[in-house]
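Summary of the model geometry
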Amino acid sequence: KAGVTQTPRYLIKTRGQQVTLSCSPISGHRSVSWYQQTPGQGLQFLFEYFSETQRNKGNFPGRFSGRQFSNSRSEMNVSTLELGDSALYLCASSFGTTLTDTQYFGPGTRLTVL
Amino acid sequence: GENVGLHLPTLSVQEGDNSIINCAYSNSASDYFIWYKQESGKGPQFIIDIRSNMDKRQGQRVTVLLNKTVKHLSLQIAATQPGDSAVYFCAENPPNTGNQFYFGTGTSLTVIP
């Protein structure tokens, strides 16, 4: 079956702009989690959506937001971009019903903020 | 966030040798741990997991060991192959965080043919 897809794969933005990233989970998966990956901080959890509701949230400022649609596709938005937001943004999907449901990651969106 | 760290940032091994990747986690109450493999240009891929009520779990060519006394995880890869070259992360799930995982910074494994 098709894996997790993320669009776009690469983005270049300037400071102050906003950006929207998209994630399409594996068919049948209802949970989508978002992570930020940087060389300095590693992988950091942003938030998780399950059945269109935010279920968990990491320690990121309110500039980072997300949503999930009825088909489980998810988007995350970053407003007022800062240089430090440059990162690989990964989403992962799972059935989301138990903690041990395997999370499958997409290839990520590489965001560069100039 | 939680401080999940790795002892060695890089590791080089000869093809066919066994590899051991270590990880220190910070929350003694964490109940669930996962090892991931990330190849260049790809997202992390689940390798193996272990719950805190176990000390050891084996998969295909991989074994995870958990030492709760010193809050230490290790991933052993048997007969390492060139395709094992990647960055390996451990992740812990602290209590009361739902599906939130805290990841280590990763160890880069290079397999020398």
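Let us look at the structure shown here. Predicted, not measured: the structure shown is a model, and the values here were computed from it.

1. Some words on the overall build of chain A
In terms of helices and strands, chain A carries zero helices and eleven strands. Mapped in sequence order, the helices and strands of chain A form the string β-β-β-β-β-β-β-β-β-β-β. For 114 residues, the compact-globule estimate of 2.2 N^0.38 gives 13 Å, and chain A sits close to it at 13 Å. Over its C-alpha atoms, taken along the principal directions, chain A stretches across nearly 40 × 25 × 25 Å. A buried classification covers 50% of the 114 residues belonging to chain A.

2. With respect to the sheet that holds strand β7 (residues 64-68) of chain A
All names here are of chain A. Read from one edge to the other, the open sheet built from four strands follows the order β1-β3-β8-β7, with strand pairing classed as antiparallel. At either margin of the open sheet sits one strand with a lone partner, and together these are β1 (5-7) and β7. Taken over all neighbouring pairs, the strand axes of this sheet differ in orientation by 20 degrees on average, direction set aside. In the sheet, strand β3 (residues 19-24) pairs with strand β8 (residues 74-78) via five bridges, with the strands oriented antiparallel. Looking at the pairing, Cys23 lines up with Ser74 of β8.

3. Details of the pattern of salt bridges
For the structure shown, the criterion picks out ten salt bridges over all chains. Between Glu48 of chain A and Arg55 of chain A there is a salt bridge, with its nearest N and O atoms 2.6 Å apart. The partner of Asp55 of chain B in a salt bridge is Lys68 of chain B, and the shortest N-O contact between them spans 3.4 Å. Residue Asp55 of chain B is located in the loop between β4 (45-51) and β5 (56-58), and its partner Lys68 of chain B is located in the loop between β6 (62-67) and β7 (72-77); the two are separated by 13 residues in the primary sequence. Its relative accessible area of 51% is what places Asp55 of chain B among the exposed residues. The class of Lys68 of chain B is partly exposed, set by a relative accessible area of 38%.

4. Quick word on the state of the cysteines
All names here are of chain A. Across all of its chains, the model carries two disulfides over all chains by this definition. There is a disulfide in this structure between Cys23 and Cys91, and the S-S distance comes to 1.9 Å. On the sign convention where negative means left-handed, the S-S torsion of about 75 degrees between Cys23 and Cys91 marks this disulfide as right-handed. Of this pair, Cys23 sits in strand β3 while Cys91 sits in strand β9 (residues 87-94), and the two are 68 residues apart along the sequence.

Calculation notes
- Residues numbered from 1 in each chain as written.
- Chains lettered and ligands numbered in written order.
- Predicted model: local features only at pLDDT ≥ 70, side-chain atom pairs only at ≥ 80, totals over all residues.
- Heavy atoms only, no water.
- Helix = DSSP H or I, 4+ residues; strand = E, 2+ residues; numbered from the N terminus.
- Rg over C-alpha atoms; globule rule 2.2 N^0.38 Å.
- Buried < 20%, exposed > 50% of the residue type's maximum accessible area, 1.4 Å probe, protein only.
- Pairing = 2+ DSSP bridges.
- Axes fitted to C-alpha atoms, helices over the stretch in contact; angles between N-to-C directions.
- Salt bridge = Lys/Arg side-chain N within 4 Å of Asp/Glu carboxyl O.
- Disulfide = S-S within 2.5 Å.

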